[in-house]
Amino acid sequence: MSADVRPIAESELHDWLRAVHTGFLTATRVTDSDVAQRAKYDDLARTQGAFDTDTGRCVGALRSFAQELTVPGGAAVPAGAVSNVGVLPTHRRQGLLTRMMQAEFAAAAGRGDVLATLIAAEYPIYGRYGFGPATTITEWEIDVPRTGLDRRLSAPVDGGRIDLVDAAEFRRIGPGLHDRLRAATPGAVDRRERWWNVATGLEEMSYRPYKEKFHAVYRTARGEVAGVAVYTADDHWSDAKVPQNTLQVHDLLALGPQAERALWQFLCSIDWVLKVRTGYRAPDDLLPQLLPDPRAARVVTSADFLWVRVLDVVRALGARTYEVPGVLVLDVTDAVGPAAGRYRLDAAAGVCERTQEAADLRLDVSVLGSLYLGDASAVRLAALGRLAEERPGAVALADAVFRTARRPWCPDVF
C-alpha cells in the first residue's frame, strides 16, 4: 500500500482523531467536542497524518507541541514533545512512522528545538529513532495500618496546616506551585492551559470522562502554599461491613520534605482508607523512609517513563550543569537525525563544542539521551555494550560527570 505523509488540514482533523483513537484502542467514535478541543489547542502545522492513497483515509498519526524540560542545574530547555503516535494495524511495517519521525526532526531543526521528548507506550520502538529512556517512575501501594503512623493525627506537626479546596481553587494556585516545583526538578516539564482545564473538569474528553477529585493543600506556618495532593477513593466494604477503601493519588506536588511528609501523613489518616496508591513518583522518592515502617509501602510499578532524543548536542550539553569537573570527547552516531559528530564537553565550564580530537567514548544518540538527565549509569551502559570506551577511565569519568545526586523525575504524562 502507498501513503502520503504530510501535515493535516483542519478539515481532516476528525479523520486524524479517529486514527488516534483506533490506534490507542480508546474509542470508536470522534465527537464534535473532541474536534473542537484539538482545533483550539493543537498546532496543525505540527500534526502529521499518513493517508492511504487508495482510500484517502488517515492510517497513521503523530503530533508534537512546544515544551520546556528542566535539566540538571535548573535550566528550562526547549523541546518538541511528541505524542499521539500510531499507525493502524492494517498499515504497519510500511515505514510510515519512520517517515513521520524524519519529517518531525526536520521541522524541529527549523524551529530550533534542542531535544525531542515522549512517553513510550511500547519500549522497543523509539530507540530506532534516537530516543533513550531518561527517567523512571515508581508507584507504591501503602498498607496504611502497617505504616506505624498515628492515624489520629492529620494536621502537620511543623506548625503548618492542610485545607481541602475545590477544583477552582486548585486551578488558581496549582500553576504557580507547579512552576516552582519544576524549576527545581530535572526531568519535569511545563503544564499548559489545556492540562489544567482537563485536570479540573473545565474541559472533558469524551473517551476519558472527568471524575470529581479531592484537593488537599498544605500551607506552611507562614501561610505559604507549599504542596498539594489530588486524590480519589473507591467504595469497597467487606462482608462484615468493614471499610476497605483504596485511595488513589493523582497528583502530589511538594516544595520540600516538610510539605511531602505532611501530605502523606494526611492521606494515611483519612477514615475508611485501608490502602493508598501513590501514583507515579520519583524512584528515589522520600516516601518509604518517611514511614515508621517503610515495608508498609510495596512497589507495584517500576518502569521507564520520559524518553529524551538529543537534536542539538552542543546546546543540550551546554544547558545543564555537571556534578564534577572533567573533559570528555564524545563520538555520537545518529542514523536518522542531526546529532552525529564528535563533541568536546568541558563539564567545569559547562561548554560543549564540535571537535576533531580523538574520542574518549563512542555512543549512539539514544544512549546520550539516557545519560542526559543524570539517571542512567555510564558504567552500566558500557557493561551492556551500549557505549565504547576509547580512553581508559573515560567511562568512570562520564559516570561521575553525568549522574546527579537526586534522580530526575517527570510527574506528567503527555
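Scroll up for the structure.
Residues numbered from 1 in each chain as written. Predicted model: local features only at pLDDT ≥ 70, side-chain atom pairs only at ≥ 80, totals over all residues. Heavy atoms only, no water.

### Some points on the sheet that holds strand β5 (residues 115-119)
For clarity, the cut-off: For two strands to be treated as a pair, DSSP must find no fewer than two bridges joining them. Secondary structure elements follow DSSP: runs of H or I of four or more residues count as helices, runs of E of two or more count as strands, with numbering from the N terminus. Any pair of residues with heavy atoms lying within 4.5 Å of one another is described as a contacting pair. Angular values range over 0 to 180 degrees, each being the angle between N-to-C directions of two axes fitted as lines to C-alpha atoms, with helices fitted over their stretch in contact.
If you trace the seven strands from one edge of the open sheet to the other, you get β1-β2-β3-β4-β5-β14-β6, paired in mixed fashion. The open sheet has two edge strands, β1 (3-7) and β6 (132-133), and neither has a second partner. Where strand β4 (residues 76-87) and β5 come together, three bridges link them in parallel fashion. Within the sheet, the bridge partner assigned to A81 lies in β5 and is T117. Helix α9 (residues 365-372) rests against β4, β5, β6 and β14 (306-310) of the sheet, and its axis sits at about 125° to β14.

### As for the nonpolar core
Inclusion rule: The criterion is simple. A nonpolar core is a set of buried Ala, Val, Leu, Ile, Met, Phe, Trp, Tyr and Cys residues joined through side-chain atoms within 4.5 Å. Note on classification: 1.4 Å probe, protein chains only; a residue is buried when its accessible area is under 20% of the maximum for its type, exposed when over 50%, partly exposed between these limits.
Counting 58 residues, the largest nonpolar core has L115, L317 and F402 as its most contacted members. Core analysis: the second largest hydrophobic core is formed by 33 residues, L17, V30, A120 and L311 among them.

### Thoughts on the packing of aromatic side chains
For the record, the criterion: Aromatic contacts are taken between Phe, Tyr and Trp rings whose centres are within 6.5 Å, Trp giving its six-membered ring; a plane angle under 30 degrees counts as stacked, one over 60 as edge-to-face, and the others as tilted. Criterion for a charge above a ring: Lys NZ or Arg CZ within 6 Å of the ring centre, and within 35 degrees of the ring normal.
Summed over the entire model, instances satisfying the criterion amount to eleven aromatic pairs. Consider the rings of Y231 and F266, whose centres lie 6.5 Å apart with planes at 65°: the pair is edge-to-face. Of the two residues, Y231 sits in strand β10 (residues 225-233) while F266 sits in helix α6 (residues 257-267), which places them 35 residues apart along the sequence. For the pair formed by Y231 and F266, the shared burial category is buried. Its guanidinium or amino end placed over the ring of W196, R191 lies 5.4 Å from that ring's centre, counting from NZ or CZ.

### Describing the environment of R362
To keep things clear, this is the line we draw: Any N or O atom pair separated by 3.5 Å or less is treated as a polar contact, with the protein-specific requirement of one donor-capable and one acceptor-capable atom, and with residues adjacent in sequence counted only for side-chain atom pairs.
In this structure, R362 sits in strand β18 (residues 361-364). Measuring from C-alpha to C-alpha, the distance between R362 and V332 comes to 6.1 Å, with 30 residues separating the pair along the chain. Apart from residues no more than four positions distant in its own chain, R362 is found in contact with D331, R342, L387, A388 and E390. Among the polar contacts listed, one links the side chain of R362 to the side chain of D331, at a separation of 3.2 Å.

### Things to note about α9
Along an α-helix, residues three or four apart share an orientation, since each turn contains 3.6 residues. Across the eight residues that make up α9, a large majority, eight, are buried. Along α9, the residues classified as buried are V365, S366, V367, L368, G369, S370, L371 and Y372. With its phi angle positive at about 100°, G374 sits one or two positions after the end of α9.

### Comments concerning the pairing of β5
Taken residue by residue, a regular strand's side chains alternate between the two faces of the sheet. Selection rule: When the strands point away from the viewer and the path from the first strand over the helix to the second turns clockwise, the crossover is right-handed.
Counting buried positions along β5 yields four of five residues, so the element is predominantly enclosed. With helix α3 (residues 96-111) bridging β4 and its parallel neighbour β5, the resulting β-α-β unit is right-handed. Relative to β14, β5 is paired through five bridges, and the arrangement is antiparallel. Of the residues in β14, the one forming a bridge with L115 is V310.

### A short note on the environment of F65
Secondary-structure assignment places F65 in strand β3 (residues 58-70). With 15 residues separating them along the chain, F65 and G80 place their C-alpha atoms 5.6 Å apart.

### Re helix α1 (residues 13-23)
By the criterion of burial, α1 is predominantly enclosed, with eight of the eleven residues buried. Of the residues making up α1, those classed as buried are L13, D15, W16, L17, R18, A19, V20 and H21. Its buried side turned inward, α1 meets α2 (32-41), β2 (47-52), β3 and β4. Count one or two residues on from α1 and you reach L25, which has phi positive near 55°.

These values are about where atoms sit, not about what they do.
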